[in-house]
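Residues per chain are reported as follows:
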Amino acid sequence: MLNEIPERKRNLYTAIGLLSVKWALAEYTLDHIINRVHVDFDGTKIQPSPPISFNRKPPYLKEAFARHADLKDYLPALEELMTEACQIAEQRAWCIHGMIDSRVDTGFYPIRKIVHGSTKIPTRKFTVRKIERLAARALTLSVNLMFLGIESVGIVDKDRADEIMRELFRKKGATLPSGKLFS
């Protein structure tokens, strides 16, 4: 079946699949931070259960970090990461939930998406390279969320986090300085 799909479309579908997987990793890491905040850092005072939909997660975390004395110093880093997460999520939604017009044989793909409350069906243009860059941004976001989550709320034991990060970077061909990554 896959060999029946033209290479141009296979590249597009592969890029979208990669974006899906990398975004899932970022949101999974974000959910670990949320769970720790909810259980160990008074998140229940904000709302009775942790947020499930992505759009509710950044406001919840910002409020939780702003309210808790042990997390306040991490608020600027959190806000920066949430801005990046929102930008990726918005474009990811187009790629995942939009309708791809693959009839056009150009360097880009028009993607249409129904926007609730709008009378028009807007279109955005994506290239395979743009989607690949979104996937790379999502992976970078995952790593940065992991670092923030380890330092701020302890989503992973710091020794285990050191092992995880070193293995990840080793697989990517990068080396990290010796010594502890997390204090």
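Everything quoted here is computed from the prediction, not taken from an experiment.

> How would you explain the sheet that holds strand S2 (residues 109–112) if you had to name every residue and give the values?
In space, the 3 strands of this open sheet follow the order S1-S2-S3, with antiparallel pairing throughout. Bordering the open sheet on either side are strand S1 (99–100) and strand S3 (123–126), each of which pairs with just one other strand. Where S1 and S2 come together, 2 bridges link them in antiparallel fashion. Across the sheet, isoleucine 100 pairs through a bridge with isoleucine 111, a residue of S2. Set on the sheet, helix H3 (residues 75–97) makes contact with S1, S2 and S3; between it and S3 the angle comes to about 95°. Across the sheet, helix H4 (residues 128–152) lies against S2 and S3, angled at about 85° from S3, the strand it touches most.

> An account of the nonpolar core is needed here, citing residue identities and associated values.
Of all hydrophobic cores here, the largest spans 34 residues; its most connected members are Trp23, Val37, Leu61 and Phe65. Mapped by element, the contributors of at least two residues to this core are helix H1 (7–40), helix H2 (57–67), H3, H4 and helix H5 (158–171). Counting residues in each nonpolar core, the second largest holds 13 residues, with Leu12, Leu19, Ile131 and Leu134 among its members.

Basis of the calculations
Sequence order sets the numbering: in each chain, residues are counted from 1 along the sequence as written. For this predicted model, a pLDDT threshold of at least 70 governs which residues receive local features, and a threshold of 80 or more governs which side-chain atom pairs are given and counted, while totals over whole chains, interfaces and linings are taken from all residues. To obtain the side-chain values, all non-hydrogen atoms of the structure were used and water was disregarded. A pair of strands is labelled paired if DSSP reports no fewer than 2 bridges between them. The helix count covers DSSP runs of H or I at least four residues long, the strand count covers runs of E at least two residues long, and both are numbered beginning at the N terminus. The criterion used for residue contact is that any of the two residues' heavy atoms lie within 4.5 Å. Only the contacting stretch of a helix is used when fitting its axis, a line to C-alpha atoms as for every element, and angles between N-to-C directions run 0 to 180 degrees. For this analysis, a nonpolar core means a set of buried residues of the types Ala, Val, Leu, Ile, Met, Phe, Trp, Tyr and Cys, connected via side-chain atoms within 4.5 Å. Each residue is placed in one exposure class: buried if its accessible area under a 1.4 Å probe, protein chains only, is under 20% of its type's maximum, exposed if it is over 50%, and partly exposed if it falls in between.

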